[in-house]
Amino acid sequence: MKVIDLNDEHKRLYLCCLEEWSDEIIEGVPKKEEWFDKTRGRGLRVKLAVDDGGNVGGMIQYLPIEESFIEGSGLYFINCIWVHGHKQGPGNIQGKGMGRALIEAAEADAKELGAKGMAAWGLAIPVWMKASWFKKHGYSKADRDGMAVLLWKSFERDASPPRWIKRKKKPPTAPGVVTVTSFVNGWCTGQNTTYERAKRAAEELGDRVVFKEFDTSNRDVLNEWGIADGLFIDGKSVNTGPPPSYDKIVKLIKKRLKKL
């Protein structure tokens, strides 16, 4: 097994989060590619874990924290690290050291680039991006927002811990219509899928539904709202992990329409 930098051969696989077999993931690929094309010129780094047969089984993407949705300075931030764990496609190949190899390679790369430390986000529950996994690799909690934990590892003594950017405003509403608001950063293909479905649902439900989109890959927009990714219907947050189905989004919008 080896860790390599992303190349053109594997770009599509990376954009699909190693899940080319998933129609759901593919929905979010166009927005992910748009984000990738903008961000790779601003320090985005992507590495892949490849087994002895040449098959890609894991990925990590990280960038200067100043370009992320986190508040901090002098650090690199891990948007996500993922080793394929589904039955479909290549199957579950977790637990074979790919994750450890990826994070060690990313940390070494960040040090060479002059970073004072590495940051990542994780979940306090045992699902994807587990905070406990990062803690096993020397990371400690810097901040918390509900079930989302912000973690970090310092490389130098004068490194400062990162912080979540706090929510600052409520999504807009308007009388006589249902307002569907999508905040989309672009880095997460799953969140992008939610955005695509919500936009399509709003457009297909007529003039009494207004769709508003905020591109939070723009740091000014992110700082204005304090929301990186999210879906709101008349100001009420919709759970987007995992992405809600198109039919569910339509149902939620229609429920609000009946109350107009």
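Conventions adopted
- Residues numbered from 1 in each chain as written.
- Predicted model: local features only at pLDDT ≥ 70, side-chain atom pairs only at ≥ 80, totals over all residues.
- Heavy atoms only, no water.
- Helix = DSSP H or I, 4+ residues; strand = E, 2+ residues; numbered from the N terminus.
- Rg over C-alpha atoms; globule rule 2.2 N^0.38 Å.
- Buried < 20%, exposed > 50% of the residue type's maximum accessible area, 1.4 Å probe, protein only.
- Contact = heavy atoms within 4.5 Å.
- Areas by Shrake-Rupley, 256 points an atom, 1.4 Å probe, with all protein chains shown as cover.
- Lys, Arg positive; Asp, Glu negative; His and termini not counted.
- Charge placed at Lys NZ, Arg CZ, Asp CG, Glu CD.
- Patch = residues over 30% accessible without salt bridge, like charges linked within 9 Å, V, L, I, M, F, W, Y side chains within 5 Å.
- Salt bridge = Lys/Arg side-chain N within 4 Å of Asp/Glu carboxyl O.
- Phe/Tyr/Trp six-rings, centres within 6.5 Å; stacked < 30°, edge-to-face > 60°.
- Axes fitted to C-alpha atoms, helices over the stretch in contact; angles between N-to-C directions.
- Parallel < 35°, antiparallel > 145°, perpendicular 65-115°, else oblique.
- Left-handed = near helix turned anticlockwise from the far one by under 90°.
- Nonpolar A, V, L, I, M, F, W, Y, C, P; charged D, E, K, R; others polar.
- Pairing = 2+ DSSP bridges.

- An unreviewed UniProt entry annotates the chain as GNAT family N-acetyltransferase originating from Candidatus Zymogenus saltonus.

1. What about the overall build of the chain?
Link 1 in the chain: Looking only at helices and strands, one finds eight helices and 13 strands in the chain.
Link 2 in the chain: Relative to the 2.2 N^0.38 estimate, which gives 18 Å for 260 residues, the radius of gyration of the chain is 19 Å and therefore close to what a compact globule would have.
Link 3 in the chain: Dimensions along the principal axes, computed over C-alpha positions, put the chain at roughly 55 × 45 × 35 Å.
Link 4 in the chain: Relative to its 260 residues, the chain shows a buried fraction of 51%.
Link 5 in the chain: Of the contacts formed within the chain by residues at least 6 apart in sequence, a portion of 64% connects residues at least 24 apart.
Link 6 in the chain: When the accessible surface of the chain is summed, it comes to about 12800 Å², and 47% of that surface belongs to carbon and sulfur atoms.
Link 7 in the chain: Within the chain, the 35 negative side-chain charges are centred at a point lying 8 Å from the centre of the 42 positive side-chain charges.

2. Details of a positive patch on the surface
Link 1 in the chain: On the surface, a cluster of positive charge is made up of Lys 236, Lys 251, Lys 255 and Lys 259.
Link 2 in the chain: Residue placement: Lys 259 occurs in the segment after helix 8 (246-257).

3. Focus: the packing of aromatic side chains
Link 1 in the chain: Under the defined criterion, the tally for this structure stands at 13 aromatic pairs.
Link 2 in the chain: Residues Tyr 62 and Tyr 76 carry aromatic rings whose centres are separated by 6.1 Å and whose planes lie at 65° to one another, so their mutual orientation is edge-to-face. Here Tyr 62, found in strand 3 (residues 56-64), pairs with Tyr 76, found in strand 5 (residues 75-83); they are 14 residues apart in sequence, far enough to count as distant.
Link 3 in the chain: Under the relative-accessibility criterion, Tyr 62 is labelled buried at 0%.
Link 4 in the chain: For the ring pair Phe 69 and Trp 187, a centre distance of 5.8 Å and an interplane angle of 15° mean the geometry is stacked. Of the two residues, Phe 69 sits in the loop between strand 3 and strand 4 (70-71) while Trp 187 sits in the loop between strand 10 (178-184) and helix 6 (189-204), which places them 118 residues apart along the sequence.
Link 5 in the chain: A relative accessible area of 10% places Phe 69 in the buried class.

4. Side note on the packing of helix 6 against helix 8
Link 1 in the chain: Taken N-terminus to C-terminus, the directions of helix 6 and helix 8 make an angle of 45°; their axes are 9 Å apart at the nearest point. Overall, the two elements helix 6 and helix 8 adopt an arrangement that is oblique. Regarding helix 6 and helix 8, the two cross each other, and that crossing is right-handed. Along the contact surface, helix 6 presents Thr 194, Arg 197, Ala 198, Arg 200, Ala 201, Ala 202 and Glu 204, while helix 8 presents Tyr 246, Ile 249, Val 250 and Ile 253.
Link 2 in the chain: Of the residues contributing to the contact of helix 6 with helix 8, the split by class is seven nonpolar, one polar and three charged.

5. Regarding the pairing of strand 7 (residues 140-145)
Link 1 in the chain: Examined bridge by bridge, strand 7 and strand 8 (residues 148-154) share five bridges and lie antiparallel to one another. Within strand 8, the position partnered with Arg 144 by the bridge is Val 149.
Link 2 in the chain: Count of turn residues in the strand 7/strand 8 antiparallel hairpin: two residues, of which Gly 146 carries a positive phi of about 65°.

6. Let's talk about the sheet that holds strand 8
Link 1 in the chain: Sheet architecture is open: seven strands sit in the order 1-2-3-5-6-8-7, paired in mixed fashion. Either end of the sheet is taken by a strand with one partner, and the two such strands are strand 1 (2-5) and strand 7. Strand-to-strand twist in this sheet, taken as the mean axis angle between neighbours without regard to direction, amounts to 25°.
Link 2 in the chain: Where strand 1 lies against strand 2 (residues 45-50), four bridges are found, and the strand directions are antiparallel. Of the residues in strand 2, the one forming a bridge with Ile 4 is Leu 48.

7. Remarks on the pattern of salt bridges
Link 1 in the chain: Summed over the entire model, instances satisfying the criterion amount to 16 salt bridges.
Link 2 in the chain: Across the salt bridge formed by Lys 11 and Glu 33, the nearest N and O atoms sit 3.3 Å from each other. Of this pair, Lys 11 sits in helix 1 (residues 11-15) while Glu 33 sits in helix 3 (residues 29-39); the two residues are 22 residues apart in sequence, bridging distant segments of the chain.
Link 3 in the chain: Since its relative accessible area comes to 18%, Lys 11 is described here as buried.
Link 4 in the chain: Its relative accessible area of 30% is what places Glu 33 among the partly exposed residues.
Link 5 in the chain: Close ionic contact of Asp 234 with Arg 256 constitutes a salt bridge, the shortest N to O distance being 3.2 Å. Note that Asp 234 is positioned in the loop between strand 12 (230-233) and strand 13 (236-238) and Arg 256 in helix 8, a separation of 22 residues in sequence.
Link 6 in the chain: Several salt bridges converge on common partners, so that one network encompasses Lys 11, Glu 33, Asp 37 and Arg 40.

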